[in-house]
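Understanding the architecture of this molecule
Here are the chains, one letter per residue:
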Number of protein chains: 2
Amino acid sequence: MAIKERKEREKQDMRNLIIDSATQLFLKQGYDKTSIRNIAEDIEYSPATIYLYFKDKDEIFYIIHENAFEILDKLLRQHNSISDPYERLHELGKTYVNFALENPDYYDLMFVMRAPLAEIKHKEKWSAGECAFGYLLETMAACIDQGLIKPADKFVAAMTVWSFVHGLVTLYIRERTCILEMPDEDVRQMMNASLSHFLTQMKT
Amino acid sequence: MAIKERKEREKQDMRNLIIDSATQLFLKQGYDKTSIRNIAEDIEYSPATIYLYFKDKDEIFYIIHENAFEILDKLLRQHNSISDPYERLHELGKTYVNFALENPDYYDLMFVMRAPLAEIKHKEKWSAGECAFGYLLETMAACIDQGLIKPADKFVAAMTVWSFVHGLVTLYIRERTCILEMPDEDVRQMMNASLSHFLTQMKT
DNA sequence: TGAATATAATAAACAGTGTTTAGTAAATCT
DNA sequence: AGATTTACTAAACACTGTTTATTATATTCA
């Protein structure tokens, strides 16, 4: 009975087709303008078909959110070879901010939007986020152990760093940096200056 | 011809009626569930009537967003009497975070949601935000002048502080602090610890 | 192979959204 | 009192996410 396996494969193919189309539309037009009907039209199926493969729109965007985390995780762990944890922290910060600025829609979905939340809660564990946060936690612990930054609980220190970079990029992505009344280029330069300033402050 | 003035008054009354109803519904049920039809039913008018007083839903939420800024501004400027600028900064931080945690929907509308953005851009100036940010800027300048915090450009310093507190509260409001797998009370305590840690790091 | 069954896909509908248009009733002006 | 402006609304438009009943196809079993 290889038919069952083929069917399973076909089901997965269809899921991938939907996710790929949704991702493409999402990155091109944003969340709101990526409707089930849009996706359906794009893959040349009826809207109702999508509900045979995903229970709702949010589940689709939960998968996209997971894929985005995989990308970010890979980028962050590229700096694993840097032995000095403070230096690694610096690179992690730069990479995080860069990722957010270059993939604002992904970042929004990962850390701002409520769309994937239902699924996260449903799963009782935000594993995608845990992976990235865990890596930050490790780095902070190493920094503290080696006395490279001002002493603090590693959770508190990690939350402080994450909060700062998250705040920095979300103020930009959600267009609140308009308050600076600067050209976009200057704003980005100021963000870099702010990141450096923050990390210098941390140092012992 | 006092009729014209009475009409003008009545127009303003109607605008207030709509805003009051919208605000009430918004704080009770959130943005998405506050529909034009809901507001219309609440004030016992037809949905179309609302469009005689506001050009679209976003304009209504722009007004609510402005009102929220008035509340935050008053809270922040309560600390004007504190002469030591670093101490004042500390109180500003605590007040800001408290405001966000106690009024998450207001905070969301002010600093995260895209709803009021069209109007902000249309007006070419985000005066509501400028007022609060200006106050932070003053305080930072005073801190730097008196050598209370590590030297930096006042804009960079202000952006750093704002980014941190904004990140801290938005990770909480948009439910990303679930990663800590802590009871809500502990998360809030950690947020306080993080704020203190951040402000201590700034000190010379 | 042919009838019965299980699967896949869809058309159409439901209940909602923001917004616009055309038409009516009331208040104001001449 | 008649003409005109103002205030309001019913109904429609073009969407949205989602569900249900139906049909066509593929698979299984006798």
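Calculation criteria
Residues numbered from 1 in each chain as written. Chains lettered and ligands numbered in written order. Predicted model: local features only at pLDDT ≥ 70, side-chain atom pairs only at ≥ 80, totals over all residues. Heavy atoms only, no water. Salt bridge = Lys/Arg side-chain N within 4 Å of Asp/Glu carboxyl O. Helix = DSSP H or I, 4+ residues; strand = E, 2+ residues; numbered from the N terminus. Buried < 20%, exposed > 50% of the residue type's maximum accessible area, 1.4 Å probe, protein only. Near = heavy atom within 4 Å. Polar contact = N/O pair within 3.5 Å; in protein donor to acceptor, adjacent residues only side chain to side chain. Nonpolar A, V, L, I, M, F, W, Y, C, P; charged D, E, K, R; others polar. Contact = heavy atoms within 4.5 Å. Buried area = accessible area lost by both parts, 1.4 Å probe. Axes fitted to C-alpha atoms, helices over the stretch in contact; angles between N-to-C directions. Parallel < 35°, antiparallel > 145°, perpendicular 65-115°, else oblique. Least-squares fit on C-alpha atoms with pLDDT ≥ 70 in both. Phe/Tyr/Trp six-rings, centres within 6.5 Å; stacked < 30°, edge-to-face > 60°. Lys NZ or Arg CZ within 6 Å of the ring centre and 35° of its normal.

1. Some points on the pattern of salt bridges
Should the charged atoms of two oppositely charged side chains come close, the side chains can pair. Applying the stated criterion across every chain yields a total of 17 salt bridges over all chains. Between K55 of chain B and E119 of chain B there is a salt bridge whose closest N-O contact spans 2.9 Å. Of the two residues, K55 of chain B sits in the loop between α3 (47-50) and α4 (57-77) while E119 of chain B sits in helix α7 (residues 117-122), which places them 64 residues apart along the sequence. Assessed through its relative accessible area of 51%, K55 of chain B is described here as exposed. Residue E119 of chain B is classed as buried on the basis of its relative accessible area of 7%. The partner of K94 of chain B in a salt bridge is E91 of chain B, and the shortest N-O contact between them spans 3.4 Å. Within this pair, K94 of chain B and its partner E91 of chain B are both found in helix α5 (residues 85-102), separated by three residues, close to a single helical turn. For K94 of chain B, a relative accessible area of 38% gives the class partly exposed. One salt-bridge network, in which partners are shared between bridges, spans K55, D56, E119 and K123 of chain A.

2. Here's the deal with the protein's contact with DNA strand C
In the vicinity of DNA strand C there are 20 residues, among which T49 and Y53 of chain A together with R6, R37 and Y51 of chain B approach most closely. Taken together, the sugar and phosphate atoms account for 57% of what DNA strand C places within 4 Å of the protein. Between DNA strand C and the protein, one listed contact pairs a phosphate oxygen with a side-chain N or O atom of T49 of chain A at 2.5 Å. Contributing elements (two or more residues each) for the surface near DNA strand C: α3 (47-50) of chain A together with α1 (2-29) and α2 (36-43) of chain B. Residues of the surface near DNA strand C, tallied by class, amount to nine nonpolar, four polar and seven charged.

3. As for the interface of chain B and chain A
With 49 residues of chain B at the contact, the number on the chain A side is 49 residues. Sorting the residues of chain B by area buried against chain A places R176, I179 and Q201 of chain B first, and these three jointly supply 17% of that buried surface. Applying the counting criterion to the chain B and chain A interface returns two salt bridges. The residue E175 of chain A makes a salt bridge to K121 of chain B at a minimum N-O spacing of 2.5 Å. Remark: the boundary between chain B and chain A carries 17 residue pairs in polar contact (both at pLDDT 80 or more). Mapped onto the side of chain B that touches chain A, the elements with two or more residues apiece are α6 (104-111), α7, α8 (127-145), α9 (154-173) and α10 (184-202) of chain B.

4. Structural notes on the packing of helix α5 (residues 85-102) of chain A against helix α6 (residues 104-111) of chain A
Residues and elements named next belong to chain A. At a minimum axis distance of 5 Å, the contact between α5 and α6 shows a crossing angle of 110°. Here α6 runs roughly perpendicular to α5, going by the angle between their axes. When α5 is examined against α6, the residues Y96, F99, A100, L101 and E102 are found in contact with a partner set consisting of P104, Y106, Y107, M110 and F111.

5. A look at unusual backbone geometry
Residue and element names in this part refer to chain A. Backbone geometry places E175, a non-glycine residue, at a positive phi of 60°. Secondary-structure assignment places E175 in the loop between α9 (154-173) and α10 (184-202). In this structure, E181 is a non-glycine residue whose phi angle is positive, near 50°. With respect to the helices, strands and loops of the structure, E181 is situated in the loop between α9 and α10.

6. Notes on the relation of the copies chain B and chain A
Between chain B and chain A, the superposition needs a rotation of 180° and an axial shift of 0.0 Å, giving an RMSD of 0.0 Å. Such a turn and shift between the copies fits a two-fold axis. Both copies present the same face, since 100% of the interface residues in chain B are matched by interface residues at the equivalent positions in chain A.

7. Some details on the protein's contact with DNA strand D
Close to DNA strand D lie 20 residues, the nearest being R6, R37 and Y51 of chain A together with T49 and Y53 of chain B. Side-chain polar atom of T49 of chain B to a phosphate oxygen of DNA strand D: 2.5 Å apart, as the coordinates give it. For the surface near DNA strand D, the secondary structure elements donating two or more residues are α1 (3-29) and α2 (36-43) of chain A together with α3 of chain B. The biggest single contributor to the surface near DNA strand D is α1 of chain A, with three residues. Of the residues that constitute the surface near DNA strand D, the class distribution is nine nonpolar, four polar and seven charged.

8. A few points about the environment of Y135 of chain B
Residues and elements named next belong to chain B. Mapped onto the elements of the fold, Y135 is located in helix α8. Accessibility expressed as a relative area gives 3% for Y135, which makes it buried. Measuring from C-alpha to C-alpha, the distance between Y135 and L76 comes to 8.4 Å, with 59 residues separating the pair along the chain. Leaving out residues up to four positions away in the same chain, Y135 has contacts with L76, R77, H79, N80, R88 and L92.

9. Structural notes on the packing of aromatic side chains
Residue and element names in this part refer to chain A. Tallied over the entire structure, the rule returns 23 aromatic pairs over all chains. Between F26 and F61 the ring centres are 5.4 Å apart and the planes differ by 80°, which places this aromatic pair in the edge-to-face class. Residue F26 is located in helix α1, and its partner F61 is located in helix α4 (residues 57-77); the two are separated by 35 residues in the primary sequence. Neither residue differs from the other here; F26 and F61 are each classed as buried. Here the aromatic residues F69, Y96, Y107, F111, W126, F133 and W162 are joined through ring pairs into a cluster of three or more. If you follow K57 out to its NZ or CZ, it ends over the ring of Y31, 4.0 Å from the centre.

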